[in-house]
Structure formats: C-alpha cells, structure tokens
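Chain by chain, the residues:
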Amino acid sequence: MIALKLGLTANDVKNVIIWGNHSSTQYPDVNHAKVSIQGKEVGVYEAVKDDSWLKGDFITTVQQRGAAVIKARKLSSAMSAAKAICDHVRDIWFGTPEGEFVSMGVISDGNSYGIPDDLLYSFPVVIKNKSWKFVEGLPINDFSREKMDLTAKELSEEKETAFEFLTIA
C-alpha cells in the first residue's frame, strides 16, 4: 500500500512493522519504515505526507486484509498465509540484510517493548545464522503503544480461552 501510494515498488519499502496478532487488531507501524525514492532513503511519514491516511485508512485496510481476500475470492486466504510462510522460511534461511528487519510472530519472552511473556506476537526481528533476535530500542509513541497493547490484550484473552478448552478436554 505504501509503495502504491508513492508510485514505487514493494522492494523500495523496508522496515514496516506488523505488531501483534494476525487479526483485525494487528498494528501496521510505519514509524520506523523507510522508502527509497530516486536512490535516497526517506521516512515513510515524510514521503507520504498524509498522517491521517497513515493513522487511519492504511491501518484499517491492512487490519481487514484477510477478510477482504476471503470476500473477493469467495475462498479462504490460505494462499496469502502460504506466501507468508514462504517469506518467513526465506528470511530464516538467508537472514535479513544489514539495516533491515522483518516482522515475525515469535514468542514474546524477553522483549523490551512491554508485551507480556508467553504470547506468540509479531515483532520486528533481525535474522542471522538462522536465528532471530528482537530489534531492540525502537522508540514507541503513545499512538503505537495503545495499538500494541490492544493486540496484546486480544492475544492474552485468546490464550486464556485456549487454556480453558484444554482443561475441559
């Protein structure tokens, strides 16, 4: 979406973060993302120059993408999930380029972003030698904090529900 809005290719956009759950609460965060415009690296907010779109329609469109795929195709979004799996395997196998990171659903234990432990939560990670590490020290503004906490709350509730079912079985 960022690339389309700017008339670029997806390869010209890097370090967009998807925080949290794979649901309508996921938070696509472009605060640390960069785009390459005519060979110059620029922050996404600076390049797009439309804060209301970045904090509104962009987020909701990404959050509703899975439902939109299902509605448009009248089929599941399994191919989209399969593509994500392939991308993850590629990233694990080849690692992330220097200065770049990817978002990946990983166990939250030991993160520095205030997300509770024991959740499978999407974080920005770097990968080297087939091992991932959290990207540390990214500043988080109040808007992002609220979105990150909302998706963590949903994951915690889903985890509780899952454990309730396990204790019944």
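Residues numbered from 1 in each chain as written. Predicted model: local features only at pLDDT ≥ 70, side-chain atom pairs only at ≥ 80, totals over all residues. Heavy atoms only, no water.

The name given to the chain in an unreviewed UniProt entry is Malate dehydrogenase 1, and the organism recorded there is Vombatus ursinus. In the Sequence similarities (unreviewed entry) part of its UniProt record, the chain is described as follows: "Belongs to the LDH/MDH superfamily. MDH type 2 family." (UniProt positions renumbered as here; feature names shortened; annotations may be inferred.)

A. Spotlight on the nonpolar core. Counting residues in each nonpolar core, the largest one holds 36 residues, and the members touching the most others are Ile2 and Phe123. Dropping the residues within four chain positions of it, Ile2 is found in contact with Val13, Val30, Val35, Val44, Trp53, Leu54 and Phe58. (Core = buried A, V, L, I, M, F, W, Y, C linked by side-chain atoms within 4.5 Å. Buried < 20%, exposed > 50% of the residue type's maximum accessible area, 1.4 Å probe, protein only. Contact = heavy atoms within 4.5 Å.)

B. Local environment of the sheet that holds strand 7 (residues 120-128). Sheet architecture is open: three strands sit in the order 6-7-8, paired in antiparallel fashion. The sheet is open, and its two edges are formed by strand 6 (102-107) and strand 8 (131-134), each paired on a single side. With direction set aside, neighbouring strand axes in the sheet form an average angle of 60°. Inspection of the sheet shows strand 7 paired to strand 8 by four bridges, in the antiparallel sense. Looking across to strand 8, one finds that Val125 is bridged to Phe134. Contacting strand 6 and strand 7, helix 6 (residues 78-94) crosses the sheet at an angle of about 90° to strand 6. (Pairing = 2+ DSSP bridges. Helix = DSSP H or I, 4+ residues; strand = E, 2+ residues; numbered from the N terminus. Axes fitted to C-alpha atoms, helices over the stretch in contact; angles between N-to-C directions.)

C. Summary view of the sheet that holds strand 1 (residues 13-14). Overall, antiparallel pairing links the three strands, which are arranged 1-4-5 in an open sheet. Sheet topology places strand 1 and strand 5 (40-43) at the edges, where each strand pairs with a single neighbour. Sheet topology places strand 4 (residues 34-37) next to strand 5; four bridges connect them, and they run antiparallel. Note on strand 5: the bridge partner recorded for Ser36 is Glu41.

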